[in-house]
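Residue-level listing of the chains:
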Amino acid sequence: MSNVDQVEIDKFSALANKWWDPNSEFKPLHEINPLRLDYINQHAPLNGKTVLDVGCGGGILSESMANMGAQVTGIDLAKKSLKIAKLHLLETGASVDYQCIAVETLAEQHPASYDIVTCMEMLEHVPDPASVVRACATLVKPGGWVFFSTLNRNPKAYLFAILGAEYLLNLLPRGTHDYAKFIKPSELSRFARGSGLEINDLIGMTYNPLSKVYKLEADTDVNYVMACHRHG
């Protein structure tokens, strides 16, 4: 069982030392993080909760959730990214349990263990996103919440996320995304419902290249976030 794309791991590993540089290739992640954090916290208040961050990378979201009072476990298969995440904890004094483990493996070992599971900007980087969704659904406790964010698949998403972000605006390194791996909200909804999750909310994340501002709003054409609830 290996739901991993080594090319993707290598891509993020090569950039690992830049995770916490807010002006690096990870600048967009730093800029959208407050939006993601607030969205999660509004649906499922983080303080005192056990949280699993799937595909945590260098820990930008994991650490901010820990700072909100959550007990956070962050998992990723890129060892270099995890090393950076752990080093950053030494600088900030935050507490996150980082582990190099596949989400499917963790789901077998610790089902129904977390109040909240987040899987942000990760599904478009794996060969079998439905498998990741199933594992996330398995890992959350009954009554808990699962949050996904990914990219829609349509001409506008190609134009904005690849031609715009990677080639025209240089917000992201070229080759960051593979359009064929983008996931329509209808597909992610099907994966979620098939895994026993109820879709509670769907919202878009937009970027205005003139104001350079990211917003959460109704437009789900390019980036979107989905909040799911597991029945108690």
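Right, let's walk through the structure included here.

### Examining the environment of Val54
Relative to the elements of secondary structure, Val54 occurs in strand E1 (residues 50-54). Those residues in contact with Val54 that lie beyond four places of it in its chain are Ile75, Val103, Val117, Thr118, Cys119, Met120, Met122, Val132 and Cys136.

### Let's talk about the packing of aromatic side chains
Throughout the structure, instances matching the rule amount to seven aromatic pairs. With centroids separated by 6.3 Å and ring planes inclined at 15°, the aromatic side chains of Phe12 and Trp19 adopt a geometry described as stacked. When its relative accessible area of 22% is taken as the criterion, Phe12 is described as partly exposed. Residue class for Trp19 comes out buried when judged on its relative accessible area of 7%. Measuring from ring centre to ring centre gives 5.6 Å for Tyr179 and Phe182, while their planes differ by 70°; the resulting arrangement is edge-to-face. A relative accessible area of 27% places Tyr179 in the partly exposed class. Cluster of aromatic residues (ring-pair linked, three or more members): Phe12, Trp19 and Phe26. Its end group placed over the ring of Phe160, Lys156 keeps NZ or CZ at 5.6 Å from the ring centre.

### Looking at the sheet that holds strand E5 (residues 140-151)
Each strand in a sheet pairs with its neighbour through backbone hydrogen bonds, running either in the same direction (parallel) or in the opposite one (antiparallel). Pairing is mixed across the open sheet formed by eight strands, whose spatial order is E3-E2-E1-E4-E5-E8-E6-E7. Among the strands making up the open sheet, the edge pair consists of strand E3 (96-99) and strand E7 (213-217). Direction aside, the axes of adjacent strands within the sheet are offset by 20° on average. Against the sheet, helix H4 (residues 79-92) contacts strand E2 (71-75) and E3, and its axis sits at roughly 160° relative to E3. Each of E1, strand E4 (114-120), E5, strand E6 (197-208) and strand E8 (223-230) is contacted by helix H6 (residues 129-139), which is oriented at about 150° to E5, the strand it contacts most.

### Some details on the nonpolar core
Across soluble globular proteins, you tend to see nonpolar side chains buried next to one another. Residues Ile40, Leu46, Met65 and Phe147 are the most contacted members of the largest nonpolar core, which totals 35 residues. Excluding anything up to four places from it in sequence, Met65 contacts Leu37, Ile40, Leu46, Val51, Asp53, Ala70, Val72 and Thr118. Counting residues in each nonpolar core, the second largest holds 31 residues, with Val103, Cys136, Ala137 and Val146 among its members.

Scoring rules and cut-offs
Residues numbered from 1 in each chain as written. Predicted model: local features only at pLDDT ≥ 70, side-chain atom pairs only at ≥ 80, totals over all residues. Heavy atoms only, no water. Helix = DSSP H or I, 4+ residues; strand = E, 2+ residues; numbered from the N terminus. Contact = heavy atoms within 4.5 Å. Phe/Tyr/Trp six-rings, centres within 6.5 Å; stacked < 30°, edge-to-face > 60°. Buried < 20%, exposed > 50% of the residue type's maximum accessible area, 1.4 Å probe, protein only. Lys NZ or Arg CZ within 6 Å of the ring centre and 35° of its normal. Pairing = 2+ DSSP bridges. Axes fitted to C-alpha atoms, helices over the stretch in contact; angles between N-to-C directions. Core = buried A, V, L, I, M, F, W, Y, C linked by side-chain atoms within 4.5 Å.

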